[in-house]
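Working through the structure, step by step
Take a look at the letters that make up each chain.
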Amino acid sequence: REQQMRCSRVEAAYVKRSNDVVQMFRDKDLPWPPRGIFLRAFKRDAMLELWGKEAKGNAYVLVKRYQICASSGNLGPKRRVGDGQVPEGFYHVRTFNPASNFHLSLGLDYPNASDRILGGKGPPGGDIFIHGNCVTIGCIPVTDPMIEEIYIVAVEARSNGQQRIPVHIFPGKLDEAGLADLLREAGEESELARFWINLQEGYEVFEKTHVLPDIKVGRSGRYRFNVRH
């Protein structure tokens, strides 16, 4: 927080938004500053969710939904530089950028281990952000006022000890009906279908428990999920 507050945009965001974000957490009976946060995006629904961790245990509570105001590419993962795709998979916030060209931004650790394996030999690209404004090539824009809220929450979570802020990005809701709809489009035996079925495993773990699984990547690029208790 101390480092970020030296930046004028962050300082201004705190002046405008801090009371609102504190109230958001209090309304959900969640501690402030946050014990932990989690971001989950759905490309088809153009929605970004902010979750906060309960005071006791590992379960998360939905705090707020934000509209993703612009998109690029198609449903499906990002596999190479310049493809315009928004990634799909399991990531973390890697960087805080208070001097972004798009107001404020949170950089993701794309490409992850799965992306590097499944993307083949070509360069996978990078510089994927959740940011302000309302334009994008492969990123997740939520407008300036909304990134101010998300940025403040992320700063407070990091300052309160959360070193890794998870960000899960899905093509859409991966419940039974949602996945079936996606598979009809992709072809049930396709490589894309297999990828989405793998993502659904992680989606379902969280949906059933609201506890984030431990996630690892096998040699094939497939995600593996271990449930926390």
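Refer to the structure above for everything that follows.
Residues numbered from 1 in each chain as written. Predicted model: local features only at pLDDT ≥ 70, side-chain atom pairs only at ≥ 80, totals over all residues. Heavy atoms only, no water.

**As for the packing of aromatic side chains**
Within this structure, the stated rule accounts for 14 aromatic pairs. Measuring from centroid to centroid gives 5.2 Å for F25 and W32, while their planes differ by 65°, and the two rings are edge-to-face. Take W32: its relative accessible area is 27%, and that puts it in the partly exposed class. Aromatic pair F170 and Y203: ring centres 5.5 Å apart, planes at 85°, arrangement edge-to-face. Here Y203 lies in helix α5 (residues 191-209) and F170 lies in strand β8 (residues 166-170), a separation of 33 residues in the sequence. Exposure remark for F170: the relative accessible area of 1% places this residue in the buried category. Aromatic rings pair up to connect F42, F90, F170, Y203, Y223 and F225 into one cluster. We note R79 situated over the ring of F195; from NZ or CZ to the ring centre the distance is 5.1 Å. Directly above the ring of F42 sits K173, whose terminal nitrogen or CZ lies 5.1 Å from the centroid. (Phe/Tyr/Trp six-rings, centres within 6.5 Å; stacked < 30°, edge-to-face > 60°. Buried < 20%, exposed > 50% of the residue type's maximum accessible area, 1.4 Å probe, protein only. Helix = DSSP H or I, 4+ residues; strand = E, 2+ residues; numbered from the N terminus. Lys NZ or Arg CZ within 6 Å of the ring centre and 35° of its normal.)

Any link to function would need more than the numbers given here.
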